[in-house]
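Okay, here's what each chain looks like letter by letter:
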Amino acid sequence: MSAEILAGIVSVFAPQILLLILLGVFMGIIIGAIPGLSVTMGVALFLPLTYGMEPVAGLSLLMGLYIGGTSGGLISAILLSIPGTTASVATTFDGHPMAAKGEAQKALGVGIVASFLGGMVSYIILMMLAPQIAKVALQFGPYEYFSIALFSLTMIAGLSSGSLVKGIIAGMLGVVLSFVGIAPITSFTRFTFGITELNAGFALLPFLIGLFAVSQVLSGIEEKFKEEEVIVQDYKIKGFGFTREDVKGQGFNFWVSTLIGTGIGILPGLGAGICNIIAYSVCKNHSKYPEKFGTGIVDGIIASESSNNASTGGALVPLLTLGLPGDNTTALILAGFMIHGITPGPLLFRSQTTLVYGIFTALIIANIMMLIVEFGGIRIFTKILNVPKNLLLPIVMIFCVVGAYGNNNRVFDVFVMIAAGLIGYGLKKLQFPQAPIILGFILGSTLETNLRRGLQKSQGSFLPFVTSPISLFFLVITVVVLVLTIRGEIKNRKTAKE
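Here the focus is the overall build of the protein. For the protein, the count of helices and strands is 21 helices and 2 strands. Relative to the 2.2 N^0.38 estimate, which gives 23 Å for 498 residues, the radius of gyration of the protein is 22 Å and therefore close to what a compact globule would have. With respect to the three principal axes, the spread of C-alpha positions in the protein is 70 × 65 × 50 Å. The buried share of the protein, reckoned over its 498 residues, is 57%.

A separate point is the packing of helix α12 (residues 298-322) against helix α13 (residues 328-339). Two elements in contact, α12 and α13, have axes whose closest approach is 11 Å; the angle formed by their N-to-C orientations is 35°. Crossing of α12 over α13 shows right-handed handedness. Across the interface between the two elements, Ala 315, Leu 319 and Leu 320 from α12 touch Thr 330, Ile 333, Leu 334 and Phe 337 from α13. Its residues assigned to classes, the contact of α12 with α13 shows 6 nonpolar, 1 polar and no charged.

This part takes up unusual backbone geometry. Positive phi, close to 55°, is recorded for Asn 409, a residue that is not glycine. Turning to its location among the elements, Asn 409 is positioned in the loop between α17 (389-408) and α18 (411-429). One non-glycine residue, Gln 431, lies in positive phi territory at about 65°. Mapping Gln 431 onto the fold places it in the loop between α18 and α19 (435-457).

Turning to empty space enclosed by the protein, a few remarks are in order. Under the counting rule described, the total for this entry stands at 1 cavity of 30 Å³ or more. One number sums up the size of the largest cavity: a volume of about 60 Å³. Forming the boundary of the largest cavity are Pro 35, Gly 36, Leu 37, Ile 82, Pro 83, Gly 84, Leu 205, Leu 208, Ile 209, Phe 212 and Ala 213.

For the rest of this paragraph, the subject is the packing of helix α7 (residues 142-153) against α19. Running from N to C, α7 and α19 cross one another at 150°; their axes reach a closest spacing of 8 Å. The angle between α7 and α19 falls in the class roughly antiparallel. Viewed along their axes, α7 and α19 form a crossing whose handedness is left-handed. The segment α7 lies against α19, with Pro 142, Tyr 143, Tyr 145, Phe 146, Ala 149, Leu 150, Ser 152 and Leu 153 engaging Leu 439, Gly 440, Leu 443, Thr 446, Leu 447, Asn 450, Leu 451, Arg 453, Gly 454 and Lys 457. Of the residues assigned to the contact of α7 with α19, the class counts are 11 nonpolar, 5 polar and 2 charged.

A rise of 1.5 Å per residue sets the reference length of helix α2 (residues 15-33), with its 19 residues, at 27 Å; its end C-alpha atoms lie 27 Å apart and thus fit the reference within 8%. Listed as buried for α2 are Ile 17, Leu 20, Ile 21, Gly 24, Val 25, Gly 28, Ile 29, Ile 31, Gly 32 and Ala 33. The inward-facing, buried residues of α2 contact α1 (3-11), α3 (39-46), α4 (55-80) and α15 (353-376).

Below, the discussion takes up the nonpolar core. Counting residues in hydrophobic clusters, the biggest one holds 89 residues, and the most contacted among them are Ile 21, Leu 79, Leu 126, Phe 337 and Leu 363. In contact with Phe 337, not counting residues within four places along its chain, are Leu 59, Leu 319, Leu 320, Ile 342, Pro 344, Leu 355 and Ile 359. By size, the runner-up hydrophobic cluster in this structure holds 47 residues, among which are Ala 279, Ala 420, Ala 435 and Leu 447.

What follows deals with a nonpolar patch on the surface. A surface patch of nonpolar side chains, amounting to about 500 Å² of accessible area, comprises Leu 463, Val 466, Leu 472, Val 476, Val 480 and Leu 484. Mapped by element, the contributors of at least two residues to the nonpolar patch are α20 (463-467) and α21 (469-497). It is α21 that provides the largest number of residues to the nonpolar patch, a total of 4 residues. Looking at the secondary structure, you find Leu 472 in helix α21. The class of Leu 472 is partly exposed, set by a relative accessible area of 36%.

Okay, the pattern of salt bridges next. For the structure shown, the criterion picks out 5 salt bridges. Among the salt bridges present, the one from Asp 246 reaches Lys 106, with a minimum N-O distance of 3.5 Å. Of this pair, Asp 246 sits in the loop between α9 (204-222) and α10 (251-266) while Lys 106 is found in helix α6 (residues 104-137), placing the two residues 140 residues apart along the sequence. Note on Asp 246: relative accessible area 24%, which makes it partly exposed. What makes Lys 106 buried here is its relative accessible area of 16%. The partner of Asp 413 in a salt bridge is Arg 410, and the shortest N-O contact between them spans 2.8 Å. Judged by relative accessible area, which is 0%, Asp 413 ranks as buried. A single salt-bridge network, built from bridges that share partners, covers Glu 103, Lys 106 and Asp 246.

Turning next to the state of the cysteines. Under the counting rule described, the total for this entry stands at 0 disulfides. Among the cysteines around Cys 275, which has no disulfide bond, Cys 283 carries the closest sulfur, lying 12 Å off. We classify Cys 275 as buried; its relative accessible area is 0%. Taking relative accessible area as the criterion, Cys 283 reaches 7% and is therefore assigned buried.

Here Thr 192 lies in the loop between β2 (189-190) and α9. The class for Thr 192 is buried, based on a relative accessible area of 9%. Contact partners of Thr 192, with chain neighbours within four places excluded, come to Gly 181, Leu 198 and Asn 199.

Further remarks concern the side chain of Asn 450. Along the polypeptide, Asn 450 turns up in helix α19. Residue Asn 450 is classed as buried on the basis of its relative accessible area of 8%. There is a polar contact of 2.8 Å between the side chain of Asn 450 and the backbone oxygen of Thr 446. Among all residues touching Asn 450, those that are not within four sequence positions of it are Pro 142, Tyr 145, Phe 146 and Phe 465.

Reading the values: rules and limits
- Residues numbered from 1 in each chain as written.
- Predicted model: local features only at pLDDT ≥ 70, side-chain atom pairs only at ≥ 80, totals over all residues.
- Heavy atoms only, no water.
- Helix = DSSP H or I, 4+ residues; strand = E, 2+ residues; numbered from the N terminus.
- Rg over C-alpha atoms; globule rule 2.2 N^0.38 Å.
- Buried < 20%, exposed > 50% of the residue type's maximum accessible area, 1.4 Å probe, protein only.
- Axes fitted to C-alpha atoms, helices over the stretch in contact; angles between N-to-C directions.
- Left-handed = near helix turned anticlockwise from the far one by under 90°.
- Contact = heavy atoms within 4.5 Å.
- Nonpolar A, V, L, I, M, F, W, Y, C, P; charged D, E, K, R; others polar.
- 1 Å grid on protein atoms, 1.4 Å probe; cavity = no way out; pocket = protein on both sides within 12 Å on 5 of 7 lines; lining within 4 Å.
- Points joined across faces, edges and corners; volume = space filled by probe spheres on them.
- Parallel < 35°, antiparallel > 145°, perpendicular 65-115°, else oblique.
- Expected span 1.5 Å × (residues − 1).
- Core = buried A, V, L, I, M, F, W, Y, C linked by side-chain atoms within 4.5 Å.
- Patch = residues over 30% accessible without salt bridge, like charges linked within 9 Å, V, L, I, M, F, W, Y side chains within 5 Å.
- Areas by Shrake-Rupley, 256 points an atom, 1.4 Å probe, with all protein chains shown as cover.
- Salt bridge = Lys/Arg side-chain N within 4 Å of Asp/Glu carboxyl O.
- Disulfide = S-S within 2.5 Å.
- Polar contact = N/O pair within 3.5 Å; in protein donor to acceptor, adjacent residues only side chain to side chain.

Right, here's the structure in full:
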């Protein structure tokens, strides 16, 4: 071990830096758990505080926020069926049904441990393979990104909750809504109806808050505040609230989800908001009991939480090795580097070896602190379920409004949130799945942008989309998945008739 690497590791163990990491993790968990706030907002709030700090101290604080915020979303996802962040959308599918059955502590324990292990694996991959992985990721262009986005849309089938047609309709609704605003490349305005606020399209955060949080508040109002609906089992927590039997046979689920999270995190423009839904769908499709997903089983929580935290390590690969931020949060972390006069890129590992390994060490320490803080708070978190809904729901609604407005400081986003809430509530009543809408909404812009860029690059020819080996690979998988999905749907209908 070289002296620079050792110096980087040792530098993080200074008491003041450990306190900064703990502060970042703690505040990140709170921000991630509050519906309406986001990891990006948390990093943006704390970024000015890093101006006067040493580089390793300031970046350690940001890493703690990043990790704590990504994991913190599981708390509200499980307890309230409201994802605290886009990274925890799929956690609501099985997490809240478990809480409703009185297993909130088990659900939280499984989610926390899955978050910790998924993150730890991705950080080890980051440390060992970052430069090599970045070279592969650099080969991805518009053709490859288009094919990946198209393949990702096939995951709608696994999120359709028994009705493929309803799932496809919901997914296409999300894709259509992503087209609102100024078109990429050509800059033509579409579907704005003369409303200037729509030129930028619908922001993801207000849309997500409305679809999940506001619709859940409306459902709570409809249920007339029945406080007896959720019963929290009052038992002594052993370990993390679950037994070895509860997670027996989850190895395949964990490793597949972690690798999906790490892989998608590496690709700029996708990230935790997508990988948790895709990992959930993949694990459901390969499960021996797919019909149990959505009823409250640990499989769904492990898939979602291991993948979304694994994406944090993946997203740092292109950031550190190429200077390319994968999402809004890593873009702000990139700003944190720039503040201290450091430019991430291929030379960073040579010119700033001490800092790089200090960051690696900070990531691992932050992940361990996240585990400790969240585990220590399990008993406190579950008390939320005992709060009367007539007190809890208005508080949630206030946070939703603050989060929607704070996203871009626009009142218009609050109206978008309310409209999305009404849409989400209507979809619930009509038994349409909500997850395909988010998947379609996020992937729609990626799909269109890379299709346009690809056609512009090839001067209008579709041929490069199938001659690129990586692009062709994902297109073939897309066709195979579609054929298998249609065959499965036909078989299910025949079985139902019999």
